[in-house]
Amino acid sequence: MQPVEVSQQRRSNWLYVVLAVVLLATAGILTLPVINQILSDPSSRANQAKTTTLSVTEQEELALQAKGYELILQREPNNLTAWQELLSVRLQQSDLESAIALLEEIAQRQPEQTDYQILLAQSQQQVGDYEHSAQTYRTILSNHPNNIKALQGIVNLLLQQNRPQSAIGLLQDTLENMIQANTVQPEQVEVIPVQLLLGQVYTNQARYSEAFATYDQAIATKPEDFRPVLAKALVLQQQGQIAEANPLFQTAVSLAPARYKDQIEAMITSTPTPEPTPVETTP
């Protein structure tokens, strides 16, 4: 049975907040200064463009900068700084097509730096080139099967394409391989981020019992990790089960590193509007 439609967009937006807090808190984030420009929501980008229209002088200055970096690259094709600066200029010019081409070039020249490949995949997804985006993510995962950023990216892509079962299958297979690897060599790979991703997908599909079971498995796997505790608390809170959520929030506060404690405390006092409980899908 399919879930009843209940503010799907609002729930999805909230889930991205959950993921950012509980998954990327310790997984790290991309730090290139261009990421917000290249990956911002289309409507946000459009609104930003209205207020940041480049003057003729600014356009001319950026064109000169681009020409300068292109000349440098003609002499020094391996100058990574010049590639990065040219990429930044193209983004300031809102030339996303050229930016993607530059990301392809940088990713080829820096294959060991998977962040560039992930930025490329995200950019391809942003412009609707889902086929190449998926191909880029799968290339990363073929070489780095446990890369959490690539896994997160391809899961989001599959959900955007309304393919939740494919996302679930990918994460389940990844978890199975991770568990097998840890059987051979204990703690060889960290399974918690993948369990959190899987829980997120289940929640996105209103399969709450499976989401809670996944979070409980993660908690049992590593009781000292605050992230699955916080994830479960947030889902309970979103459903209006405040009494059940609050003890988990307190546990998450006690387990979390100091730099996250204030954020978690703020989540406790900022209760979101509960969603009506939808009918769960069958697995």
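Refer to the structure printed above.
Calculation criteria
- Residues numbered from 1 in each chain as written.
- Predicted model: local features only at pLDDT ≥ 70, side-chain atom pairs only at ≥ 80, totals over all residues.
- Heavy atoms only, no water.
- Helix = DSSP H or I, 4+ residues; strand = E, 2+ residues; numbered from the N terminus.
- Buried < 20%, exposed > 50% of the residue type's maximum accessible area, 1.4 Å probe, protein only.
- Contact = heavy atoms within 4.5 Å.
- Areas by Shrake-Rupley, 256 points an atom, 1.4 Å probe, with all protein chains shown as cover.
- Axes fitted to C-alpha atoms, helices over the stretch in contact; angles between N-to-C directions.
- Parallel < 35°, antiparallel > 145°, perpendicular 65-115°, else oblique.
- Left-handed = near helix turned anticlockwise from the far one by under 90°.
- Nonpolar A, V, L, I, M, F, W, Y, C, P; charged D, E, K, R; others polar.

## Re the overall build of the chain
Link 1 in the chain: Looking only at helices and strands, one finds 16 helices and zero strands in the chain.
Link 2 in the chain: Looking at the chain as a whole, 45% of its 283 residues qualify as buried.
Link 3 in the chain: Here the contacts in the chain between residues at least 6 apart in sequence split such that 58% fall between residues at least 24 apart.
Link 4 in the chain: On the chain, roughly 14700 Å² of surface is accessible, and the fraction owed to carbon and sulfur atoms is 51%.

## Comments concerning unusual backbone geometry
Link 1 in the chain: Unusually for a residue other than glycine, S94 sits at a positive phi of about 60°.
Link 2 in the chain: Checked against the element boundaries, S94 lands in the loop between α6 (80–92) and α7 (96–109).
Link 3 in the chain: By relative accessible area, S94 is classed as exposed at 66%.
Link 4 in the chain: Phi at A206 takes a positive value of approximately 60°, unusual for a residue other than glycine.
Link 5 in the chain: For A206, the location among the structural elements is in the loop between α12 (192–204) and α13 (208–221).
Link 6 in the chain: Owing to a relative accessible area of 0%, A206 belongs among the buried residues under this scheme.

## With respect to the packing of α13 against helix α14 (residues 226–238)
The description of two packed helices rests on the angle between their axes and on the distance between the axes.
Link 1 in the chain: Following both chains from N to C, one finds α13 and α14 inclined at 155°, their axes separated by 8 Å at the closest point. With respect to α14, the element α13 is oriented roughly antiparallel. The interaxial crossing formed by α13 with α14 has left-handed handedness. Contacts from Y208, F212, Y215, D216, A218 and I219 in α13 reach P228, V229, A231, K232, V235 and L236 in α14.
Link 2 in the chain: Among the residues making up the contact of α13 with α14, the classes are represented as ten nonpolar, no polar and two charged.

Remember that the coordinates give geometry; whether it matters functionally is a separate question.
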